Number of protein chains: 2
Amino acid sequence: MENWTRDWKVKRVLFIPYALHDRDAYAKTAREKFESLGYELESIHESSDPVEAVRKSEAIFIGGGNTFRLLKALYDNSLLQEIRKRVLEDGIPYLGSSAGTNIATVGINTTNDMPIVYPPSLLALGLVPFNINPHYLDPDVNSTHMGETRAERILQYHEEPNTPPVLGLREGAMLLVEGDKATLQGVTGARLFLRGEKPTEHEPGTDFSFLLTDSNSQKP
Amino acid sequence: MENWTRDWKVKRVLFIPYALHDRDAYAKTAREKFESLGYELESIHESSDPVEAVRKSEAIFIGGGNTFRLLKALYDNSLLQEIRKRVLEDGIPYLGSSAGTNIATVGINTTNDMPIVYPPSLLALGLVPFNINPHYLDPDVNSTHMGETRAERILQYHEEPNTPPVLGLREGAMLLVEGDKATLQGVTGARLFLRGEKPTEHEPGTDFSFLLTDSNSQKP
């Protein structure tokens, strides 16, 4: 995480704690961590004008928790378009973990979270033209559990028409996107699911730039 | 399952396969199973008038798959009110497994499934005034996985206002509801989550009739 703003003169990070219920506690934890890394942290829930906070932000970090709660709060505060503009047009760095990763993609269709609230749509920021399943878990061959595996759930998503690729990011993996280049970071690798194709395994260092082109994002 | 229609003169069961993509294959599997138990099975997807099929049904079985897909299809076919009426007013037996269990409760807020489609609401049949988490999994104390446990996800649901009880039904457990009596069946027990209270463990045979009273379903 230390290097995610390496090419930027970022001093202050805007934190969005909406995915957890106790925003004060979450901001406190995040602030301590970011300050230890040399950044100031402003939490959006302490701002009287969240939209203006996004407009003035130098970098944005959205933390994990419940993805439905996070997305609903972003809609409730009219922040999706603002964040999209700040990142895609103005080019400030965006960092997301867990729910904050789901939210950066086309939609939250491949979240692991329970739908504890009902957002007005499942469409998210669309900073990248595909979906991610964070905390991706490989099937446990010894399991007697009769619920679907993570891979089966993603395949069910791809049974629906016009669904984009899904990148299963294991614990310890992250995707670095810079301009038109996307690279798999971390140590655990990732599993890529394309609609109608067999899932493929990818090592750390894999160049995923081809996922950034729209032609790959909507397979018929 | 053999006894779920024991007090009824049921010969034919209406099957609703909407939770899986391949409805023909799902109906074939279900038909073989029900015929081996001595029942005829009619699959609603083969009917030209699904609403009429519900009105004429002697018993309804909704199978598992993806809960969002199932709920959306029930809304798309205007079946929620019809099934509710048939079961609650006319008193025919209802059997649900997995997604079919989620759908019988207040809402699908505690499903384990991914939101692969967007239903017009999360509210479900409301045959009982609480929610269920099917395939409930106990936390794995040895896990290094950083995603939330099932219990943590349910607690996040209860951080939201006016949320009903959630019954975590393990693999191998089922809830038998007859009139104003609810009993835990099966061999694995269940875990009950009430808003603002510590979860409690319950053995097979537990009388859960108190969950059927509305006073328990909406804690402030």
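Residues numbered from 1 in each chain as written. Chains lettered and ligands numbered in written order. Predicted model: local features only at pLDDT ≥ 70, side-chain atom pairs only at ≥ 80, totals over all residues. Heavy atoms only, no water.

Applying the stated rule across the entire model yields 32 salt bridges over all chains. The residue B:Glu82 makes a salt bridge to B:Arg55 at a minimum N-O spacing of 3.0 Å. You can see B:Glu82 sitting in helix H4 (residues 80-89) and its partner B:Arg55 sitting in helix H2 (residues 50-55), a full 27 residues away along the chain. For B:Glu82, a relative accessible area of 16% corresponds to the buried category. Linking B:Lys85 and B:Asp90 is a salt bridge whose minimum nitrogen-to-oxygen distance equals 3.8 Å. Note on B:Lys85: relative accessible area 37%, which makes it partly exposed. Under the relative-accessibility criterion, B:Asp90 is labelled partly exposed at 37%. Several salt bridges converge on common partners, so that one network encompasses A:Asp138, A:Arg170, A:Arg191 and A:Glu201. (Salt bridge = Lys/Arg side-chain N within 4 Å of Asp/Glu carboxyl O. Helix = DSSP H or I, 4+ residues; strand = E, 2+ residues; numbered from the N terminus. Buried < 20%, exposed > 50% of the residue type's maximum accessible area, 1.4 Å probe, protein only.)

With that out of the way, let us pick up the side chain of B:Arg170. Residues and elements named next belong to chain B. You can see Arg170 is positioned in strand S6 (residues 166-170). Residue classification places Arg170 among the buried residues on the basis of a relative accessible area of 12%. In this structure, Arg170 is in contact with Tyr136, Asp138, Thr188, Gly189, Ala190, Arg191 and Glu201, ignoring residues within four places of it in sequence. (Contact = heavy atoms within 4.5 Å.)

This part covers the packing of aromatic side chains. Residue and element names in this part refer to chain A. Counted under the stated rule, the structure contains 14 aromatic pairs over all chains. Centre to centre, the rings of Phe15 and Tyr26 are 5.1 Å apart; their planes meet at 85°, and the pair counts as edge-to-face. Of the two residues, Phe15 sits in strand S1 (residues 12-16) while Tyr26 sits in helix H1 (residues 23-36), which places them 11 residues apart along the sequence. We note that Phe15, like Tyr26, is buried. (Phe/Tyr/Trp six-rings, centres within 6.5 Å; stacked < 30°, edge-to-face > 60°.)

Further remarks concern the relation of the copies chain A and chain B. The operation relating the two chain copies consists of a rotation about an axis and a shift along that axis. Mapping chain A onto chain B calls for a screw motion: a turn of 180° about the axis and a shift of 0.0 Å along it, with 0.0 Å RMSD after fitting. One copy is carried onto the other by what is essentially a two-fold rotation axis. By residue overlap, the copies meet face to face through one surface: 100% of the interface positions of chain A are interface positions in chain B. (Least-squares fit on C-alpha atoms with pLDDT ≥ 70 in both.)

Attention now moves to the nonpolar core. Residues A:Ile83, A:Ile103 and B:Ile83 are the most contacted members of the largest nonpolar core, which totals 76 residues. In this structure A:Ile103 touches A:Ile62, A:Thr67, A:Leu70, A:Leu71, A:Leu74, A:Tyr94, A:Ile108, A:Ala124, A:Leu125 and A:Gly126, once residues within four positions along its chain are discounted. (Core = buried A, V, L, I, M, F, W, Y, C linked by side-chain atoms within 4.5 Å.)

What follows concerns the interface of chain A and chain B. On the side of chain B, 37 residues touch chain A, which itself brings 37 residues to the contact. Overall, the association of chain A and chain B removes approximately 3,100 Å² of surface from exposure, summing both partners, and the carbon and sulfur fraction of that is 56%. There are six salt bridges connecting chain A and chain B. One salt bridge connects B:Glu159 with A:Arg69, and the closest N-O pair in it is separated by 2.9 Å. The tally of links between chain A and chain B comes to 19 residue pairs in polar contact (both at pLDDT 80 or more). Listing elements by their share of the side of chain A that touches chain B, those giving two or more residues are helix H3 (67-76), strand S5 (131-136) and helix H6 (150-158) of chain A. (Buried area = accessible area lost by both parts, 1.4 Å probe. Polar contact = N/O pair within 3.5 Å; in protein donor to acceptor, adjacent residues only side chain to side chain.)

With that out of the way, let us pick up the domain arrangement of chain A. Where interface size is given, it is often the accessible area lost as the parts come together that is meant. Residues and elements named next belong to chain A. The domain boundaries assigned to chain A delineate domain 1 (10-127) and domain 2 (129-220). Taking only C-alpha atoms, the centre of domain 1 and the centre of domain 2 are 22 Å apart. Tallying the contact residues gives nine residues for domain 1 and 11 residues for domain 2. Summed over both sides, the interface between domain 1 and domain 2 buries roughly 980 Å², with carbon and sulfur atoms accounting for 56% of that surface. (Domains from an automatic or database assignment.)

What follows is about the sheet that holds strand S3 (residues 60-62) of chain A. Residue and element names in this part refer to chain A. Ordered in space as S2-S1-S3-S4, the four strands form an open sheet in which the pairing is parallel. The open sheet has two edge strands with one neighbour each: strand S2 (40-43) and strand S4 (94-96). With direction set aside, neighbouring strand axes in the sheet form an average angle of 25°. Across three bridges, the pairing between S3 and S4 is parallel. Counterpart to Ile60 in the pairing with S4 is Tyr94. Running over the sheet, H1 touches S1, S2, S3 and S4 and is turned about 165° from S2. (Pairing = 2+ DSSP bridges. Axes fitted to C-alpha atoms, helices over the stretch in contact; angles between N-to-C directions.)

The subject of this paragraph is the pairing of strand S9 (residues 190-193) of chain A. All names here are of chain A. The sheet contact formed by strand S6 (residues 166-170) and S9 spans four bridges and is antiparallel. Paired with Leu167 across the strands is Leu192, a residue of S9. Between S9 and the antiparallel strand that follows it, strand S10 (residues 200-202), lie six residues; Gly196 among them carries a positive phi value of about 80°.

Before going further, it helps to examine unusual backbone geometry. Non-glycine residue A:Ser78 carries a positive phi angle of around 55°. Inspection of the secondary structure assignment puts A:Ser78 in the loop between H3 and helix H4 (80-89). What makes A:Ser78 exposed here is its relative accessible area of 52%. Positive phi, normally seen in glycine, also occurs at B:Asn162, with a value near 55°.

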